[in-house]
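Report on the structure
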Amino acid sequence: MTVGQQARGSAGSAGRRRSRRDEILEIAVGLFAARGYHGVSMDDIGAAAGVTGPALYHHFAGKEAMLAAALIPVSEGLLDGGRDRAAGRPGDPRGALESLIDFHVDFALANPAVIALHLHELDRLPEEPRRRIRKLQRLYVEEWVTVLTALHPGLPDGEARVLAHAAFGLMNSTPFLGGEVDRRRRAALLRAAALAALLAETDS
């Protein structure tokens, strides 16, 4: 399953066999996250994937293409999944918020390397794919804003965005968490912390 499919949480893709391209992309994402974009060459990726240069370029034009292929589907998947979760609980903003948090925590725990790329390497992309990703991210934030303003009547949109970004910072901490706490417990802690932060009274 690709990272984009994981972000969508698509049950139909769960049993789909990964392509060689997907395998190479996963290896590249791991190397970029571990060493930094500029610390990894195409030769490094080819060696880790067990493919020669020509075979690697058959799948990707270069490192920028790999980075875009990793980040764009993830942003699309987050937006699609966020829309589904936000719309799945009409008239129940708290339920919608809990569903959004569950969705994002599951994604964050499954994709710490991709989150690290978003945090540290997005600016390596050319302007067009970078702008596309930024737009998808803004639209995803707005799904949270809609739910938060319904949950907290009178909360301005701008303040709801602050809360949403704060919650993302909490949930997207997964690249920095060690393995001393098992995944199930980490998920429970992240969900509880994000929900508590977003349910807190917002009156100044």
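Residues numbered from 1 in each chain as written. Predicted model: local features only at pLDDT ≥ 70, side-chain atom pairs only at ≥ 80, totals over all residues. Heavy atoms only, no water.

Looking at an unreviewed UniProt entry, one finds the chain named Transcriptional regulator, TetR family and attributed to Micromonospora matsumotoense.

1. Regarding the overall build of the chain
If you tally the helices and strands in the chain, you get 10 helices and 0 strands. In sequence order, the secondary structure elements of the chain are arranged as α-α-α-α-α-α-α-α-α-α. For a compact globule of 204 residues, the expected C-alpha radius of gyration is about 17 Å, and the chain comes in at 18 Å, within 12% of that figure. Across its three principal axes, the chain shows a C-alpha extent of roughly 60 × 40 × 30 Å. The buried share among the 204 residues of the chain stands at 42%. Taking as baseline every contact in the chain between residues at least 6 positions apart, the subset at least 24 positions apart corresponds to 68%. Entry remark: accessible area of the chain is about 10,500 Å², with carbon and sulfur atoms responsible for 51%. Computed over 25 positive and 25 negative side-chain charges, the inter-centroid distance for the chain is 4 Å. (Helix = DSSP H or I, 4+ residues; strand = E, 2+ residues; numbered from the N terminus. Rg over C-alpha atoms; globule rule 2.2 N^0.38 Å. Buried < 20%, exposed > 50% of the residue type's maximum accessible area, 1.4 Å probe, protein only. Contact = heavy atoms within 4.5 Å. Areas by Shrake-Rupley, 256 points an atom, 1.4 Å probe, with all protein chains shown as cover. Lys, Arg positive; Asp, Glu negative; His and termini not counted. Charge placed at Lys NZ, Arg CZ, Asp CG, Glu CD.)

2. Some thoughts on the packing of aromatic side chains
In the structure shown here, the tally under the stated rule is 4 aromatic pairs. Between the aromatic rings of Phe32 and Tyr37, the centroid separation amounts to 5.3 Å while the plane-to-plane angle is 50°, which identifies the pairing as tilted. Aromatic side chains Tyr140 and Phe168 sit 5.6 Å apart centroid to centroid with 10° between the ring planes, which places their arrangement in the stacked category. On the criterion of sequence distance, the pair formed by Tyr140 in helix H8 (residues 127-151) and Phe168 in helix H9 (residues 157-171) is long-range, its members being 28 residues apart. Judged by its relative accessible area of 5%, Tyr140 falls in the buried class. Put simply, the rings of Tyr140, Trp144 and Phe168 touch in pairs and so form one group of aromatic residues. Positioned over the ring face of Tyr37 is Lys63, at 4.2 Å from the centre of the ring. (Phe/Tyr/Trp six-rings, centres within 6.5 Å; stacked < 30°, edge-to-face > 60°. Lys NZ or Arg CZ within 6 Å of the ring centre and 35° of its normal.)

3. Examining the packing of helix H5 (residues 63-87) against helix H6 (residues 93-110)
Packing of H5 against H6 leaves a shortest axis separation of 8 Å and a crossing angle of 155°. In terms of orientation, H5 lies roughly antiparallel with respect to H6. Helix-helix and strand crossings are classified by hand; for H5 and H6 the assignment is right-handed. Contacts between H5 and H6 involve Val74, Gly77, Leu78, Gly81, Gly82, Arg85 and Ala86 on the former and, on the latter, Ala96, Ser99, Leu100, Asp102, Phe103, His104 and Phe107. Along the lines of polarity and charge, the residues of the contact of H5 with H6 split into 7 nonpolar, 5 polar and 2 charged. (Axes fitted to C-alpha atoms, helices over the stretch in contact; angles between N-to-C directions. Parallel < 35°, antiparallel > 145°, perpendicular 65-115°, else oblique. Left-handed = near helix turned anticlockwise from the far one by under 90°. Nonpolar A, V, L, I, M, F, W, Y, C, P; charged D, E, K, R; others polar.)

4. A closer look at the domain arrangement of the chain
By domain assignment, the chain separates into domain 1 (18-60) and domain 2 (62-199). On a C-alpha basis, the centres of domain 1 and domain 2 stand 26 Å from each other. The interface is formed by 17 residues belonging to domain 1 together with 14 residues belonging to domain 2. Roughly 1,300 Å² of surface becomes buried between domain 1 and domain 2 when both sides are summed, with 78% attributable to carbon and sulfur atoms. Taken together, the links from domain 1 to domain 2 amount to 6 residue pairs in polar contact (both at pLDDT 80 or more). Of all the elements in the fold, those that place two or more residues in the side of domain 1 that touches domain 2 are helix H2 (20-35), helix H3 (42-49) and helix H4 (53-59). With 7 residues, the single largest contributor to the side of domain 1 that touches domain 2 is H2. (Domains from an automatic or database assignment. Buried area = accessible area lost by both parts, 1.4 Å probe. Polar contact = N/O pair within 3.5 Å; in protein donor to acceptor, adjacent residues only side chain to side chain.)

5. Structural notes on the side chain of Lys63
You can see Lys63 is positioned in helix H5. Not counting residues up to four positions away in its chain, the partners in contact with Lys63 are Phe32, Tyr37, His38, Val40, Ser41 and Met42.

6. Side note on H6
In this model, H6 (18 residues) spans 26 Å end to end at C-alpha, consistent with the 26 Å of a helix rising 1.5 Å per residue. Along H6, the residues that are buried comprise Gly95, Ala96, Leu97, Ser99, Leu100, Ile101, Phe103, His104, Val105, Phe107, Ala108 and Leu109. (Expected span 1.5 Å × (residues − 1).)

7. A closer look at the nonpolar core
Residues Phe32, Ile45, Met66, Ile101 and Trp144 are the most contacted members of the largest nonpolar core, which totals 58 residues. Listing elements by their share of this core, those giving two or more residues are H2, H3, H5, H6, helix H7 (112-120), H8, H9 and helix H10 (183-199). Ranked by the residues each element gives to this core, the list is headed by H5, at 11 residues. Per-domain counts for this core show at least three residues from each of domain 1 (18-60) and domain 2 (62-199). Ignoring anything within four residues of it in the chain, the contact list for Ile45 reads Ile24, Ile27, Ala28, Leu31, Phe32, Val40, Leu56 and Met66. (Core = buried A, V, L, I, M, F, W, Y, C linked by side-chain atoms within 4.5 Å.)

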